[in-house]
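What follows is the residue order along each chain.
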Amino acid sequence: MQNRLRTLRAERSWSQADLADRLGVSRQTVNAIETGRYDPSLPLAFKIARVFEAPIETLFQDDLP
Amino acid sequence: MTQTSAPDPKLVAAKRMRLIVMLIYYVAVSAGAYWLWHGHVYITRWADDAALAVGLICVLVAARLLYESFSKVLLSDRMQVEGDPTRRETNQARVQAALIFLLGVVLVLPNVAFGLGWPRQLVYGGIVLFVVVRTLYTLRALRSADEFIRRRMFEAGWWTMLLTTTGLLLYGGAERLGLVRVATSWDVMIIVFAIAIVTPSFLFKKPKPAPQQT
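Engineer: Can you walk me through the overall build of chain A in this structure?
Structural biologist: Regarding its fold elements, chain A presents five helices and two strands. Along its sequence from the N terminus, chain A presents helices and strands in the succession β-α-α-α-α-α-β. Against the 2.2 N^0.38 benchmark of 11 Å for 65 residues, chain A shows a C-alpha radius of gyration of 11 Å, consistent with a compact globule. When burial is assessed residue by residue, chain A has 23% of its 65 residues classed as buried. Within chain A, residue pairs in contact and separated by at least 24 positions form 49% of the contacts whose partners lie at least 6 positions apart.

Next up, the structure:
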């Protein structure tokens, strides 16, 4: 799964700690999602969408062609 | 064109210093272990040697984690996050280092205590106390973990269980058929702990730096 978290976070000048606080998760989790090592659960994905005020499908894209 | 991003000079310097300090520490601890191995430890079977080896690994790993908790760049690198570690993250690393160190001591303690003639009940009391503290800490860590950390804990636990139950099934069957020697709970315990300690390091290797597009 690919995502645009790092880009969107950079656009808002948020640190990983800022985003982690907004999502209520650890910084390791934010980093793992950004680097593609972890795909978030559906509730967390919706939370991320709410934090970035963007539709969920614009944040995450699957690897299928 | 793709190239690997340049490493942080601060991180490179910190890693170099860590290497030097840890080498000195490793030599000192290894010398202590050698002294224990030769005449100061009660060794009757292979599991006693294995307990000392695993205990030594725990003590070395704990020292490395403790050292890293005093360096912001090293701890951030270990945690794979951007920015400096928080006070809470630093304290967590130190508590983990203490628990890993104590686990190493507990794995070695029965053999050492027996070899040096320490009071057995007192030593066993220490082991029970450690088990209580470790259990409480693990439960607390699991409850306070978020979904990613919890998943890693479950994943490591799942692999440990698969490997140990598979091994026990194979050895237990062979033992009952009289094909292998009878194993004691001490033998089984040390193998389970060795697997539990090694499994996460294989599962959660640090990812290589992402290639940079130029």
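Engineer: Looking at this model, I keep getting lost on the overall build of chain B. Mind explaining?
Structural biologist: Along chain B, the regular secondary structure elements total seven helices and two strands. Listing every helix and strand of chain B by position from the N terminus yields β-α-α-α-α-α-α-α-β. Based on the C-alpha atoms only, the size of chain B along its principal axes is roughly 65 × 35 × 35 Å. Taken over 214 residues, chain B has a buried fraction of 15%. Contacts spanning at least 24 positions in sequence make up 74% of the contacts within chain B whose residues lie at least 6 apart.

Engineer: What exactly am I supposed to notice about helix α3 (residues 27-34) of chain A here?
Structural biologist: Since there are 3.6 residues in each turn of an α-helix, residues three or four apart along the chain are aligned in direction. Taken across its eight residues, α3(A) has seven buried, putting it largely inside the fold. Tucked into the core, α3(A) has its buried residues touching β1 (2-3), α1 (5-11) and α2 (16-23) of chain A together with α3 (72-79) and α6 (147-176) of chain B. Gly36(A) sits one or two positions beyond α3(A) and adopts a positive phi of about 75°.

Engineer: Help me out: how do you make sense of the nonpolar core in this one?
Structural biologist: Where a protein is soluble and globular, its nonpolar side chains tend to be buried together. Within the largest apolar cluster, 21 residues are counted, with the highest numbers of intra-cluster contacts made by Ala51(B), Val54(B), Cys58(B), Ala62(B) and Leu107(B). Mapped onto this core, the elements with two or more residues apiece are α2 (46-69), α3, α4 (87-116) and α7 (185-203) of chain B. Non-local contacts of Ala51(B), meaning those with residues more than four positions away in its chain, are made with Leu107(B), Val108(B), Asn111(B) and Ile190(B). Judged by nonpolar contacts, the second largest core, of nine residues, contains Leu5(A), Val25(A), Ile33(A) and Ile48(A).

Engineer: Mind showing me how you'd approach the interface of chain B and chain A here?
Structural biologist: By a frequent convention, interface size equals the accessible area lost on bringing the separate parts together. The interface of chain B with chain A comprises ten residues on the first partner and 15 residues on the second. Counted by class, the side of chain B that touches chain A contains five nonpolar, two polar and three charged residues.

Engineer: Which parts of the structure should I look at to understand unusual backbone geometry?
Structural biologist: Glycine aside, a negative phi is what most residues show, and trans is what most peptide bonds show. Although it is not a glycine, Ser13(A) sits at a positive phi angle of roughly 55°. Along the chain, Ser13(A) turns up in the loop between α1 and α2. The phi dihedral of Gln80(B) is positive, around 60°, even though this residue is not glycine. Along the chain, Gln80(B) turns up in the loop between α3 and α4. For Gln80(B), a count of 15 C-beta atoms within 10 Å translates into the label partly exposed.

Engineer: It is not clear to me how the environment of Leu60(B) should be interpreted in this structure. Could you clarify?
Structural biologist: Residues and elements named next belong to chain B. Tracing the sequence through the fold places Leu-60 in helix α2. Exposure remark for Leu-60: the 19 C-beta atoms within 10 Å place this residue in the partly exposed category. When the C-alpha atoms of Leu-60 and Leu-75 are compared, they prove to be 17 Å apart, with 15 residues separating the residues in sequence. Other than its neighbours up to four places away in sequence, Leu-60 contacts Tyr-26 and Val-29.

Engineer: Looking at this structure, how should I read the packing of α2(B) against α7(B)?
Structural biologist: All names here are of chain B. With their axes 9 Å apart at the nearest point, α2 and α7 run at an angle of 30° to one another. By the angle between their axes, α2 is roughly parallel relative to α7. At the point where α2 passes α7, the crossing takes the left-handed sense. Residues Ala-47, Ala-50, Ala-51, Val-54, Ile-57 and Cys-58 of α2 form the contact with α7, whose participating residues are Trp-186, Asp-187, Ile-190, Phe-193, Ala-194 and Ile-197. Classifying every residue of the contact of α2 with α7 gives eleven nonpolar, no polar and one charged.

What counts, and at which threshold
- Residues numbered from 1 in each chain as written.
- Chains lettered and ligands numbered in written order.
- Predicted model: local features only at pLDDT ≥ 70, side-chain atom pairs only at ≥ 80, totals over all residues.
- Helix = DSSP H or I, 4+ residues; strand = E, 2+ residues; numbered from the N terminus.
- Rg over C-alpha atoms; globule rule 2.2 N^0.38 Å.
- Buried ≥ 20, exposed ≤ 12 C-beta atoms within 10 Å, placed from the backbone.
- Contact = placed C-beta atoms within 7 Å.
- Core = buried A, V, L, I, M, F, W, Y, C linked by C-beta atoms within 7 Å.
- Nonpolar A, V, L, I, M, F, W, Y, C, P; charged D, E, K, R; others polar.
- Axes fitted to C-alpha atoms, helices over the stretch in contact; angles between N-to-C directions.
- Parallel < 35°, antiparallel > 145°, perpendicular 65-115°, else oblique.
- Left-handed = near helix turned anticlockwise from the far one by under 90°.

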